[in-house]
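# Fold and geometry: a report
The primary structure of each chain is shown beneath.
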Amino acid sequence: MRLPHTPGLAKRSFQHLRYRTGMIRSVHAFRREPVERITLVVPDSLGDIAINSAITRAIRLRGAPAEITLLTDRKYESAVAFNRDYDAVALLDGYTDKPPWALTYQDQLAAAKALTPMMDALVLCQPGAWCDALWSRYHSLDIQYRLSGTPPALRRLPRLTVPAGAAEAVRPLRQRAVGRTAFIAPGAFTLKFGAAGERFFTELAARLVGAGWQVFWNGAEAPSPAGGPPGGAGSVVAVGHLPLAEVVALASGCERVVCARSGLADVITFCTPELPQYVLYPRTRYPYSRRPVRECYSLRAMGGVNVCESENSLDTEADLSAELAAVGQWLESPRKHTESTP
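Residues numbered from 1 in each chain as written. Predicted model: local features only at pLDDT ≥ 70, side-chain atom pairs only at ≥ 80, totals over all residues. Heavy atoms only, no water.

## Remarks on the packing of aromatic side chains
- Applying the stated criterion to the full structure yields 5 aromatic pairs.
- Between W135 and Y297, the ring centres sit 6.5 Å apart and the planes meet at 45°, which makes this aromatic pair tilted. One end of the pair, W135, is in helix α5 (residues 133–137); the other, Y297, is in helix α12 (residues 293–297), with 162 residues separating them in the sequence.
- Overall, the relative accessible area of 6% leaves W135 in the buried class. (Phe/Tyr/Trp six-rings, centres within 6.5 Å; stacked < 30°, edge-to-face > 60°. Helix = DSSP H or I, 4+ residues; strand = E, 2+ residues; numbered from the N terminus. Buried < 20%, exposed > 50% of the residue type's maximum accessible area, 1.4 Å probe, protein only.)

## Concerning the sheet that holds strand β6 (residues 181–185)
- Strand order in the open sheet made by the 6 strands is β8-β7-β6-β9-β10-β11, with parallel pairing throughout. The sheet terminates laterally at β8 (235–238) and β11 (307–311), the two strands that pair on one side only. With direction set aside, neighbouring strand axes in the sheet form an average angle of 20°.
- For strand β7 (residues 214–217) and β8, the ladder comprises 4 bridges, and the chain directions are parallel. Pairing of Q214 across the sheet is with S235, part of β8. (Pairing = 2+ DSSP bridges. Axes fitted to C-alpha atoms, helices over the stretch in contact; angles between N-to-C directions.)

## Examining the side chain of N52
- Inspection of the secondary structure assignment puts N52 in the loop between α2 (46–51) and α3 (53–61).
- Given the relative accessible area of 0%, N52 is considered buried.
- Looking at N52, its side chain comes within polar contact range of the side chain of Y86, at 2.6 Å.
- With residues up to four places along the chain from it excluded, the contact list for N52 reads L40, V42, L70, Y86, C125 and Q144. (Polar contact = N/O pair within 3.5 Å; in protein donor to acceptor, adjacent residues only side chain to side chain. Contact = heavy atoms within 4.5 Å.)

## Comments concerning the sheet that holds strand β5 (residues 121–124)
- On the basis of which strands lie adjacent, the open sheet formed by 5 strands has the order β1-β5-β2-β3-β4 and mixed pairing. The open sheet terminates on both sides in strands that have one partner only, identified here as β1 (27–29) and β4 (88–91). For this sheet, the mean angle separating the axes of adjacent strands, direction not counted, is 20°.
- Of the strand pairs in this sheet, strand β3 (residues 67–72) and β4 are connected by 4 bridges, and their pairing is parallel. If you follow T72 over to β4, its bridge partner there is L91.

## Re the layout of surface pockets
- Approximately 900 Å³ is the volume found for the largest pocket.
- S45, L46, F189, T190 and G263 are, among the 41 residues lining the largest pocket, the residues nearest its centre.
- Those elements that place two or more of their residues in the lining of the largest pocket are α2, α10 (244–252) and α11 (263–271).
- In the lining of the largest pocket, the residues fall into 22 nonpolar, 14 polar and 5 charged.
- In terms of lining residues, the second largest pocket is bounded by 18 residues, among which V35, I38, I59, R62 and A121 are the most central.
- Only β1, β2 (37–41), α3 and β5 provide two or more residues apiece to the lining of the second largest pocket. (1 Å grid on protein atoms, 1.4 Å probe; cavity = no way out; pocket = protein on both sides within 12 Å on 5 of 7 lines; lining within 4 Å. Points joined across faces, edges and corners; volume = space filled by probe spheres on them. Nonpolar A, V, L, I, M, F, W, Y, C, P; charged D, E, K, R; others polar.)

## Regarding the pattern of salt bridges
- For the structure shown, the criterion picks out 19 salt bridges.
- Close ionic contact of D266 with R261 constitutes a salt bridge, the shortest N to O distance being 2.9 Å.
- The class for R261 is buried, based on a relative accessible area of 6%.
- The network of salt bridges with shared partners includes R31, R37 and D120. (Salt bridge = Lys/Arg side-chain N within 4 Å of Asp/Glu carboxyl O.)

## Overview of the pairing of β11
- Of all the 5 residues making up β11, 4 are buried; the element is thus mostly covered by neighbouring parts of the structure.
- Here 5 bridges tie strand β10 (residues 277–281) to β11, and the two strands are oriented parallel to one another. Along β11, the bridge assignment pairs Y278 with C308.

## Here's the deal with the state of the cysteines
- Summed over the entire model, instances satisfying the criterion amount to 0 disulfides.
- Unpaired in terms of disulfides, C259 finds its nearest cysteine sulfur in C308, a separation of 11 Å. (Disulfide = S-S within 2.5 Å.)

## So, empty space enclosed by the protein
- The full count for this structure, using the stated rule, is 1 cavity of 30 Å³ or more.
- Volume-wise, the largest cavity comes out at about 40 Å³.
- In terms of lining, the largest cavity is formed by L46, I49, A50, A79, F82, N83, Y86, L160 and V267.
- With 3 residues, α2 is the single largest residue contributor to the lining of the largest cavity.
- For the lining of the largest cavity, a count of residues per class yields 8 nonpolar, 1 polar and no charged.

Spelled out as C-alpha cells, the structure:
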C-alpha cells in the first residue's frame, strides 16, 4: 500500500522529528482569549471531515461560543451539512493549483490565513503531506485528538446528523422497496482490493436479489441482473447519482449495509452508530509500518457498535469464496440491539 502523499522514508522521518520537537505546530493562536473564531483545516478526506466532528464536539463542550469554520476542498462541501457545529466553510478552490492531498504544512498555514483572515485560532487536523508518519503510529481519531490538543476529559466519539430533508427525499425509494433491504457501497478512494474485489460486491448483490432482498447500490449503474426475476423477488437499484445526504439517509434506513472501507462508511457510522454494517478492509499494512490498516481506520474504535470489520485483499478465487461465505453468515445473523457509546 502506498498513498499519494506518502514520502520516502528519510523525508518521512525528518517530518516526524520536526513535529515531535515543535518545529511545526498543529495549533496556532493569533489573538488572546476569548477565542471567537476557530478555523479547522481538513483539506482532503470525507472520512477525516466526518471524524472532525469529535473535535467540534470538544470545542462546544468548552462552553465558548466560538464560530467554527472548516477549510476544505469543494468536493467535500456537502459533508459540512452533517455537522451542526460548523458555522461556515471556506473552500480551497482557486487558491492553489495543487491537489488538496499535496498541501504542505506551509501551504495549509498560508491558505488558512488567506481564506479565513479573521480567525483567532487555527488547528491543522490532517497531517497528510506534512507528517505522514502519524498515520502509521496512531488511529485516525487519535491523530485528530493529538493535533487539536483535545484533553482526555473532553474527548468524545464522532457524531453526525443526517441533514434535514434528506430522509423525506428518499422516502419514495424506500416505499417501493418490499421486504428486507440492504445498501452496498463498493467504492473506496484510498484502500484498494485485488483482482476479485469488484466481483465480491457484484456477486453479493446478485445473491441478495436472488434471495428476495431489495438492494440499493451506491454506483452509477446497477450490476447485472438489475431487476431480478418477477413474482416478488428482489431487485437492485443504483443510487450513486443521489446527493451525499440522500445516500446516507437511504443507507441509514436499511436493514444491513455492506461496504468497502471508505469515507462514506465513516459518515454512515457516525450518523447511525447502531446500524449493522459489514466493512471490508484489504489485508495490508500502512506504508513503512507493521500496523494493519484496519487498526489505523477501525470504525468500531469510533463507536460503530454493530460494525463487523473484515480483512481480505480479495486477490484470488479462494479469497472471494471465503468472504462471500462470511458475509452470508453475517447477513443471516440476528440484528443486535445495542446502544451507541456517548
